[in-house]
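Commentary on secondary and tertiary structure
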Amino acid sequence: MKGNIKELDVFILKSLKQEEINLKALIKVVFGFKKWILLITLFIFSLGLLYLITAPTEYSTTSKLLMEQPAGLNNKALGGLASISGLGNLGLGDQNSEALPAELIPELLMESDFLKNLMYEKVYLDEVQDSITLLDFVNEYEKHHFYFYLLRLPSFIKSNFFSSEQGPVAIPDKTNISKEQNILSFEPAERKTISQLKKRIVVEKEERLLVIQTKMHESLASAMLNDILVRHLKEYLTDIILEKELKNFNFIKERTEEAKIRVEKTQNSLAKFRDSNRGINSQLVKTEEDRLQSDFNLEFNVYNSLAQQLEQSRIKVQEARPLLTIFQKPQVPVIPSEPKYLLLGIAFLFLGGVIGFLFIFGLLVYRLLKVHFSDV
């Protein structure tokens, strides 16, 4: 090593005197450190090899869902009805719009509000010869590579041997949190589960197809997780559609009841007027009776239209269905998807060589600065 450094210093002094760099001499000097480059490369490769040896096997399962367009309610009938009744578009909305834009579905699956529903679903593990919840899997049975535990060793030592003597922190009771506040609260194990599930789930949108990929340590567990995810997604979207249709149904139902009250009121007013003016032959009385009859006909027509729309909305609620159709079912994988030994082995070997050459060039810059400032 000392001999190589002397050659490096000679090259630097010669380059400074000539004020130019001879590439052939530079290559010769760099390759003079070939043993060190080789050692660094082998060292980095051995670190990568340790990662590959300790990395757990992962199996990936892929399913595809076809996203459909919801039919919605007939907006033209509601628009005409709204103009007659003077309601405008209040509460009716765009009945032909999607309950949830398809572009938002991949992001929806990564939200904690959705993933919390998966935590207590069970998958079968050959390792324990039983079905366990995803919460238990993440916190008790999930495997990691060597460096995962190595990087967490300082925090583990600190938390177990150098923890402060402060009293336990009071954790608010989640039962006291009002549901109307829409606040999510998780225990540490639940937060860890959600974080790890985000790493084990990949969702992509390809035109009208939604591609869902899941990975687990075992092939059957991977397929089961994929099936659980698809089932929960369809149920979640069904609930969204059902909630939308229920809101529309309740709105029309309220308007129908109000219209019924107005019909009864105008009908009673017309009947009382006729009873009180029976036998009276007067043009003024006839005009007032025609006006009351016209009010009654208008209110009855509005009520009749609302009653028809209410029945359509009731059918819509009963026919609420998910927007997704299974295009490709999840299949139990046979070949593990991770780790990719050949690809990662070549990557670590290449990385070792790059770091080896960077080390030599770093040494070159260091010696150059040292020689330069020593001359000054």
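Residues numbered from 1 in each chain as written. Predicted model: local features only at pLDDT ≥ 70, side-chain atom pairs only at ≥ 80, totals over all residues. Heavy atoms only, no water.

Basically, it comes down to this: UniProt positions are given in the numbering used here, feature names are shortened, and annotations may be inferred rather than shown by experiment.
The chain is annotated in an unreviewed UniProt entry as Chain length determinant protein from Cyclobacterium lianum. Per UniProt, the chain carries the Subcellular location (unreviewed entry) text "Cell membrane".

Things to note about unusual backbone geometry
Heads up, the rule is: By definition, any uninterrupted DSSP run of H or I lasting at least four residues is a helix, any uninterrupted run of E lasting at least two residues is a strand, and each is numbered from the N terminus. Categorising residues by exposure relies on relative accessible area from a 1.4 Å probe, with only protein chains included: less than 20% of the type maximum marks a residue as buried, more than 50% marks it as exposed, and the intermediate range marks it as partly exposed.
The peptide bond linking E338 to P339 adopts the cis configuration, its omega dihedral lying at -5 degrees. Within the secondary structure, P339 is located in the loop between β6 (324-328) and α13 (341-375). The backbone phi angle of Q129 is positive, close to 55 degrees, even though this residue is not glycine. Relative to the helices and strands, Q129 is located in the loop between β2 (122-125) and β3 (130-133). By relative accessible area, which is 56% here, Q129 ends up exposed.

Digging into the packing of aromatic side chains
Test applied: Each pair of aromatic rings taken from Phe, Tyr and Trp, with Trp reduced to its six-membered ring, is defined by centres within 6.5 Å and is described as stacked if the planes are under 30 degrees apart, edge-to-face if over 60, and tilted in the remaining cases. Should the NZ of a Lys or the CZ of an Arg lie within 6 Å of a ring centre and within 35 degrees of the ring normal, that charge is described as sitting over the ring.
Summed over all chains, the structure comprises 3 aromatic pairs. Seen from their ring centres, F114 and Y236 are 5.6 Å apart, and the 85 degrees between their planes marks the pair as edge-to-face. Of this pair, F114 sits in helix α6 (residues 112-115) while Y236 sits in helix α11 (residues 219-276); the two residues are 122 residues apart in sequence, bridging distant segments of the chain. Residue classification places F114 among the buried residues on the basis of a relative accessible area of 1%. Look at Y236 and you get partly exposed, because its relative accessible area is 24%. When the ring centre of F251 is taken as reference, the NZ or CZ atom of R255 above it lies at 4.7 Å.

Re the packing of helix α7 (residues 134-141) against helix α10 (residues 188-200)
Filter applied, for reference: Axes here mean lines fitted to C-alpha atoms, for a helix over just the part in contact, with angles spanning 0 to 180 degrees between N-to-C directions. Note on angle classes: values under 35 degrees are labelled roughly parallel, values over 145 roughly antiparallel, values of 65 to 115 roughly perpendicular, and the remainder oblique. The contact definition used throughout considers only heavy atoms, calling two residues in contact when any of these lie within 4.5 Å. We call Asp, Glu, Lys and Arg charged. Ala, Val, Leu, Ile, Met, Phe, Trp, Tyr, Cys and Pro are nonpolar, and the rest, Gly among them, are polar.
Relative to each other, α7 and α10 sit at 95 degrees, their axes nearing to 9 Å. Here α10 runs roughly perpendicular to α7, going by the angle between their axes. Along its contact with α7, which presents L134, L135, F137, V138 and N139, the element α10 presents A189, E190, K192, T193, Q196, L197 and R200. When grouped by side-chain class, the residues that make up the contact of α7 with α10 number 6 nonpolar, 3 polar and 3 charged.

A few points about the UniProt feature "transmembrane region" (unreviewed entry) in the chain
Listed under "transmembrane region" (unreviewed entry) in the UniProt record, and renumbered for this structure, are residues 36-54 and 341-366. The straight-line gap between the two end C-alpha atoms of residues 36-54 is 27 Å; of that span, 100% is helix and 0% is strand. Between the end C-alpha atoms of residues 341-366 the distance is 37 Å, and the span holds 100% helix and 0% strand.

Quick notes on the pattern of salt bridges
Here is the rule we go by: Criterion for a salt bridge: a side-chain nitrogen of Lys or Arg within 4 Å of a carboxyl oxygen of Asp or Glu.
All chains considered together, the criterion is met by 14 salt bridges. Ionic pairing is found between E311 and R314, a salt bridge with its closest N-O pair at 2.7 Å. A residue pair is termed a helical-turn pair when its members lie 3 or 4 positions apart in one helix, as E311 and R314 do in helix α12 (residues 283-318) at 3 residues. The exposure class assigned to E311 is partly exposed, which follows from its relative accessible area of 41%. On the accessibility criterion, R314 (32% relative accessible area) is partly exposed. Through salt bridges that share partners, E58, E142 and R200 make up one connected network.

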